[in-house]
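# Descriptive analysis of the structure
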Amino acid sequence: MSGGREQAMIRIDNLSKTFTLHNQGSTVIPVMANAAFSVAPGECVALTGESGAGKSTLMRMIYGNYLAAGGSIRIGDTDIVTATPREILRLRRHTLGYVSQFLRVVPRVPTLDVVAEPLLATGTPAGAARAAAEALLARLNIPERLWSLSPTTFSGGEQQRVNIARGFAYAYPALLLDEPTASLDAQNRETVLRLIEEAKARGAAIVGIFHDEAARSRLCDREVDVTAFRPDRAA
Amino acid sequence: MKDLSVQDRPLLQVAGLTKYYGSRIGCEGVGFDLWPGEVMGIVGESGSGKTTLLNCLAGHLAPDEGRVLFDLDGVPTDTVTMSEPARRKLGRTDWAFVHQHAADGLRMNVSAGGNVGERLMAVGARHYGNIRESAQDWITRVEIPADRIDDRPTAFSGGMRQRLQIARNLVTGPRLVFMDEPTGGLDVSVQARLLDLLRGLVREMGLSAIIVTHDLAVVRLLADRLMVMKDGHVVETGLTDQVLDDPQHAYTQLLVSSVLQV
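First, a word on scope: everything that follows refers to the structure included in this document. (Residues numbered from 1 in each chain as written. Chains lettered and ligands numbered in written order. Predicted model: local features only at pLDDT ≥ 70, side-chain atom pairs only at ≥ 80, totals over all residues. Heavy atoms only, no water.)

It is worth spelling out the overall build of chain A at this point. Tallying secondary structure elements over chain A gives eight helices and nine strands in all. Here chain A holds 235 residues, and the buried ones make up 52% of them. Taking contacts inside chain A between residues at least 6 apart in sequence as the whole, the part at least 24 apart equals 70%. By element, 49% of the accessible surface of chain A is carried by carbon and sulfur atoms, the whole surface being about 10,200 Å². (Helix = DSSP H or I, 4+ residues; strand = E, 2+ residues; numbered from the N terminus. Buried < 20%, exposed > 50% of the residue type's maximum accessible area, 1.4 Å probe, protein only. Contact = heavy atoms within 4.5 Å. Areas by Shrake-Rupley, 256 points an atom, 1.4 Å probe, with all protein chains shown as cover.)

The structure is reproduced here in structure tokens:
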């Protein structure tokens, strides 16, 4: 099941995670042990397992949002587990994208600028970045009259689509997707699935959480059941 | 955009920075590197030493021990041991300091345009027309109506005063900005506007910034990296979102869990 480990874009080995709750009797909660899988360029891997099994925790660790207790997470040449903040910031700018379920932006910033930002941050000229952002917003059916407004006041579905536009604006070689088709109607869902297929076709290595089973079977080459990484299983 | 190749050395290197007030610790043994274009947040409750640290970094307080090396034309130069005139010059050119209370960073009986122009004159600008033009440009950039340029800051709202202070500080194109609670005491809507402005300026000018605040929402939106202080010591550092979402130290966990959700 770990085909292509030699030229993997994302490669996880022996990864473990514990939470220590210092203010609740210093309770130590081991949540993950011996997690291992890899994703080749152009491959899409689905994380599966019931709610609470650790799919989101694993995703956050890959992004450097949660600290690992041990093991390694290699994205290209960088090990997220030992990388400095500066290295992770650079990786997030140029290599590793993340479409979370929630949009988090500075209030007042226009939607068009929110979407264009990943392009501007990697040196795309302003005009080209805005044109790319406009094309994505149009494709995702965000009405043009909303482009100059901050997305903070948009509906849940609109925010999700802005989030997706932002996540796909720059062609990240590695991409993390947390429920990208949740709260979308049929037409927009289809658009998002096509965006993901296009990203695969250009060689992006993708890790996703999809409760949408039809989407999962259409997009994903393999499934990784994170239940296998529970500490009690691994022991 | 900045050229990535030329910025592969830290702008600021801090080591062992310590300040005592008698037998009390202001801050002790603080060290970090700040890179060009990076924004670092320093958080902690009142009395944690974050403002003492900022004042030691910015040369407003003399530390008892430690080094603050600033990259001057490729040469890391210790700003703690440099002469007072050299440090003052740095404060007018490469460095800027945004105070929590705008009145501490502005001349309240001088017009808005004069406040901005004064800093230009301090670095040698003499041509009235050019000074006025730069002042006007910056006053518009910080979203103060152009027809208020001749008004004194005493006639401005809190948010406008803070934006004017930022214009006064940034007009000379500094490379490093120190900010002490820049959004403190402002309405939430005004804070958002200021955050948006600061983020845009950091991006456009390639500024590095060190921001002291107790507001975790502010650092989440502005800071790349975070330093958490308690009792004069740094107890945790890391990527801002990582420290806030997966805090490791008992104090940081308490700080993060104490924020009221809206």
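Now for empty space enclosed by the protein. Gaps left between atoms are located by rolling a probe of water-molecule size over the structure's atoms. Residue and element names in this part refer to chain B. Counted by the stated rule, this structure contains one cavity of 30 Å³ or more. Roughly 40 Å³ of volume is contained in the largest cavity. Around the largest cavity, the lining residues are Val98, Ile166, Asn169, Leu170, Val177, Met179, Leu198, Leu201, Val202 and Leu207. (1 Å grid on protein atoms, 1.4 Å probe; cavity = no way out; pocket = protein on both sides within 12 Å on 5 of 7 lines; lining within 4 Å. Points joined across faces, edges and corners; volume = space filled by probe spheres on them.)

The next thing to look at is the layout of surface pockets. Residue and element names in this part refer to chain B. Estimates place the volume of the second largest pocket at around 490 Å³. Every residue lining the second largest pocket is counted, 21 residues in all, and those nearest its centre are His60, Gly91, Arg92, Phe97 and Arg119. Residue assignment for the lining of the second largest pocket shows that the elements contributing at least two residues are α2 (84–92), β6 (95–98), α3 (102–105), α4 (112–122) and α6 (158–170). The biggest single contributor to the lining of the second largest pocket is α2, with five residues. When grouped by side-chain class, the residues that make up the lining of the second largest pocket number seven nonpolar, six polar and eight charged. (Nonpolar A, V, L, I, M, F, W, Y, C, P; charged D, E, K, R; others polar.)

Right, let's get into the environment of Trp35 of chain B. Assignment of secondary structure puts Trp35 of chain B in the loop between β2 (24–34) and β3 (39–43). For the pair Trp35 of chain B and Ser208 of chain B, spaced 173 residues apart in sequence, the C-alpha separation works out to 7.2 Å.

If you look at the interface, chain B gives 28 residues, while chain A gives 28 residues. Interface area, chain B with chain A, both sides summed: about 2,400 Å², of which 53% is carbon and sulfur. Looking only at chain B, the three residues that lose the most surface to chain A are Arg203, Leu239 and Asp246 of chain B, adding up to 22% of its buried area. At the boundary of chain B with chain A, the tally comes to 11 residue pairs in polar contact (both at pLDDT 80 or more). When contributions to the side of chain B that touches chain A are tallied by element, the ones reaching two or more residues are α7 (188–205), α8 (216–222), β10 (233–239), α9 (240–245) and α10 (250–257) of chain B. Counting residues per element, the side of chain B that touches chain A draws most heavily on α7 of chain B, which supplies six residues. (Buried area = accessible area lost by both parts, 1.4 Å probe. Polar contact = N/O pair within 3.5 Å; in protein donor to acceptor, adjacent residues only side chain to side chain.)

Another point: the packing of aromatic side chains. For the structure on display, the rule yields six aromatic pairs over all chains. Aromatic pair Tyr170 of chain A and Tyr172 of chain A: ring centres 4.8 Å apart, planes at 75°, arrangement edge-to-face. For the pair Tyr170 of chain A and Tyr172 of chain A, a shared accessibility class is recorded, and that class is buried. Centroid distance Trp95 of chain B to Phe178 of chain B: 5.1 Å. Interplanar angle 80°. Geometry classified as edge-to-face. Taken together, the residues Trp95 of chain B in strand β6 and Phe178 of chain B in strand β7 (residues 176–180) connect sequence positions 83 residues apart. Judged by relative accessible area, Phe178 of chain B falls into the buried class, the value being 1%. Taken together through their ring pairs, the aromatic side chains of Phe70, Trp95, Phe97 and Phe178 of chain B make up a single cluster. Above the face of the Phe19 of chain A ring, Lys17 of chain A is positioned so that its terminal group lies 4.6 Å from the ring centre. The residue whose ring lies beneath Arg86 of chain A is Trp35 of chain B, and the NZ or CZ to ring-centre distance is 3.6 Å. (Phe/Tyr/Trp six-rings, centres within 6.5 Å; stacked < 30°, edge-to-face > 60°. Lys NZ or Arg CZ within 6 Å of the ring centre and 35° of its normal.)

Turning our eyes to something else, we now look at the packing of helix α3 (residues 111–121) of chain A against helix α4 (residues 126–139) of chain A. Residue and element names in this part refer to chain A. Where α3 meets α4, the closest approach of the two axes is 8 Å, and the angle between their N-to-C directions is 125°. Of the possible angle classes, the one that applies to α3 and α4 is oblique. Classified by chirality, the crossing of α4 by α3 is right-handed. Where α3 abuts α4, its residues Thr111, Leu112, Asp113, Val115, Ala116, Leu119 and Leu120 lie against Ala126, Ala129, Arg130, Ala132, Ala133, Glu134 and Leu137. In terms of residue class, the contact of α3 with α4 is made up of 10 nonpolar, one polar and three charged. (Axes fitted to C-alpha atoms, helices over the stretch in contact; angles between N-to-C directions. Parallel < 35°, antiparallel > 145°, perpendicular 65-115°, else oblique. Left-handed = near helix turned anticlockwise from the far one by under 90°.)

With that out of the way, let us pick up the sheet that holds β2 of chain B. Residues and elements named next belong to chain B. Spatially, the four strands line up as an open sheet ordered β2-β1-β4-β5, and their pairing is antiparallel. The outermost strands of the open sheet, each flanked by one partner alone, are β2 and β5 (75–78). Taking each pair of neighbouring strands and ignoring which way they run, the sheet shows an average axis angle of 25°. In the sheet, strand β1 (residues 12–21) pairs with β2 via seven bridges, with the strands oriented antiparallel. Note that in β2 the partner of Leu17 across the bridge is Val30. Along the sheet face, helix α1 (residues 50–57) touches β1, β2 and β4 (65–72) and points at about 120° away from the line of β1. (Pairing = 2+ DSSP bridges.)

Residue and element names in this part refer to chain B. Of all five residues in β7, five are buried, a share of seventy percent or more. Alternating positions in β7 separate into two faces, Leu176, Phe178 and Asp180 on one and Val177 and Met179 on the other, with burial throughout. In the sheet, β6 pairs with β7 via four bridges, with the strands oriented parallel. Note on β7: the bridge partner recorded for Phe97 is Phe178. The pairing of β7 with strand β8 (residues 208–212) spans five bridges and is parallel. In the strand pairing of β8, Phe178 is matched with Ile210.

Turning our eyes to something else, we now look at helix α1 (residues 55–63) of chain A. Within α1 of chain A, seven of the nine residues are buried, leaving the element largely enclosed by the surrounding structure. Just downstream of α1 of chain A, Gly64 of chain A is the residue with a positive phi angle, here 85°.

Moving on, we come to the side chain of Glu236 of chain B. One can find Glu236 of chain B in strand β10. The side chain of Glu236 of chain B is buried and forms no salt bridge, while Lys17 of chain A, the nearest opposite charge, is found at 9.5 Å. From its side chain, Glu236 of chain B meets the backbone nitrogen of His249 of chain B in a polar contact 2.9 Å long. Those residues in contact with Glu236 of chain B that sit more than four places away from it in its chain are Leu226, Met227, Val228, Gln242, Val243, Asp246, Pro247, Gln248, His249 and Thr252 of chain B. (Lys, Arg positive; Asp, Glu negative; His and termini not counted. Salt bridge = Lys/Arg side-chain N within 4 Å of Asp/Glu carboxyl O.)

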